[in-house]
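# Examining the three-dimensional arrangement
Chain residues, written in single-letter form:
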Amino acid sequence: MFKLQLMTADNYKKEGFKYQVNYAFHQTQFGKSLIGILDNKEKSICHLSFVNKSETTSLESLKKQWPKNELLENLKETTKYIEIIFSENFKGLEENNENDEDSNFEDVINIILKGTEFQIKVWTQLIEIPCGSTTTYEKVAQAIENPKAVRAVANAIAGNLVAYLIPCHRVMSKNGANKYAFGVECKLKILNYEKEITN
C-alpha cells in the first residue's frame, strides 16, 4: 500500500533537511531511473525520475530539490522500491491501493510530495487519472476547481518530483503535443505499456 506524506517549504525548513537521502540509478523497462529515499522513520520515496541527458545531470537535479540534505548512493536500500514500482502488476497508486489484497508486498510505502499547497493539490489530482488513459491540463485545472489556472497547473506538473508514481505522463496538451521532462520517447513507452496492461 502507498501512502502520501505532504511537505511544504515550512515543513522542510523545520525538519525535512535533517535526513539523509539514499539514492541509486536503476535500469527499468522505460530507461534508466534515479530514485531517492529519505532516511526518515518511514523511509519515504522523495524522488523518482528518468535519465534524459546524463546521470550527472539527473543527480544535480536531485541535489537542487533537496539542497540541505546529505546524499548517499545506496543500491541495496533502493532496489526493493524499484522492484515494486516497476513490477508487472503495478498500475499506479490508485489502482494498487484499491487492489491491496492482491498486491505482492505487505509494508506501507510512503511517498513525500514536497511543494506548495497548489502544487500538492495538482499532484494529488493526477493520481485520479486511470492507468491506460490520458487527460489535458485544462481538465486537471477544472478538476481542482480552478479552470483559469491552466498555465499554473502546467508549471506544477512540470515540477513533479516523483515521476511515474505521480503520473504526470498521463497529461497531454489539448492539441496533442507530447511534452515530457524525460523525453517524448520515454513518455510514449510508459503510455503504451499502460494501455497494454489495462486491455
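The text that follows walks through the structure, step by step, so that each part is easy to find. Keep in mind that what you see is a predicted model, and the values were worked out from it rather than measured.

### A short note on the state of the cysteines
Counting across every chain of the model gives 0 disulfides. C131 takes part in no disulfide bond, and the closest cysteine sulfur, belonging to C168, lies 14 Å away. Lacking any disulfide linkage, C186 is separated from the closest cysteine sulfur, that of C168, by 9.6 Å.

### Some details on the pattern of salt bridges
Counted according to the given criterion, the structure contains 4 salt bridges. In this structure, R170 engages E194 in a salt bridge whose closest nitrogen and oxygen atoms are separated by 2.9 Å. Residue R170 is found in the loop between α7 (150-158) and β8 (171-172), and its partner E194 is found in helix α8 (residues 184-198); the two are separated by 24 residues along the sequence. One exposure class covers both R170 and E194, and it is buried. For E185, the salt bridge is made with K189, and the minimal N-O distance between the two is 4.0 Å. Remark: K189 and E185 occur in helix α8; sequence separation between them is 4 residues, near one turn of the helix. Taking relative accessible area as the criterion, K189 reaches 37% and is therefore assigned partly exposed.

### Quick notes on the nonpolar core
Membership of the largest hydrophobic core comes to 43 residues, with the highest contact counts inside it found for I45, L48, F50, I85, L126, Y164 and L165. Every element with two or more residues in this core is listed here: β3 (31-38), β4 (45-50), α3 (75-85), β6 (109-114), α5 (117-126), α6 (137-143), α7 and α8. In this structure, F50 is in contact with T28, F30, G31, K32, S33, S58, F86, Y164, Y180, F182, C186 and I190, ignoring residues within four places of it in sequence. Core analysis: the next-biggest nonpolar cluster, separate from the first, contains 13 residues, Y23, C46, W66 and I112 among them.

### Examining unusual backbone geometry
Both trends apply: most residues other than glycine have a negative phi, and most peptide bonds are in trans. Backbone geometry places K43, a non-glycine residue, at a positive phi of 55°. By the secondary structure assignment, K43 is in the loop between β3 and β4. Positive phi outside glycine occurs at E145, with the angle close to 60°. By the element assignment, E145 lies in the loop between α6 and α7.

Rules used in this analysis
- Residues numbered from 1 in each chain as written.
- Predicted model: local features only at pLDDT ≥ 70, side-chain atom pairs only at ≥ 80, totals over all residues.
- Heavy atoms only, no water.
- Disulfide = S-S within 2.5 Å.
- Salt bridge = Lys/Arg side-chain N within 4 Å of Asp/Glu carboxyl O.
- Helix = DSSP H or I, 4+ residues; strand = E, 2+ residues; numbered from the N terminus.
- Buried < 20%, exposed > 50% of the residue type's maximum accessible area, 1.4 Å probe, protein only.
- Core = buried A, V, L, I, M, F, W, Y, C linked by side-chain atoms within 4.5 Å.
- Contact = heavy atoms within 4.5 Å.

Keep in mind these values describe shape, not function.
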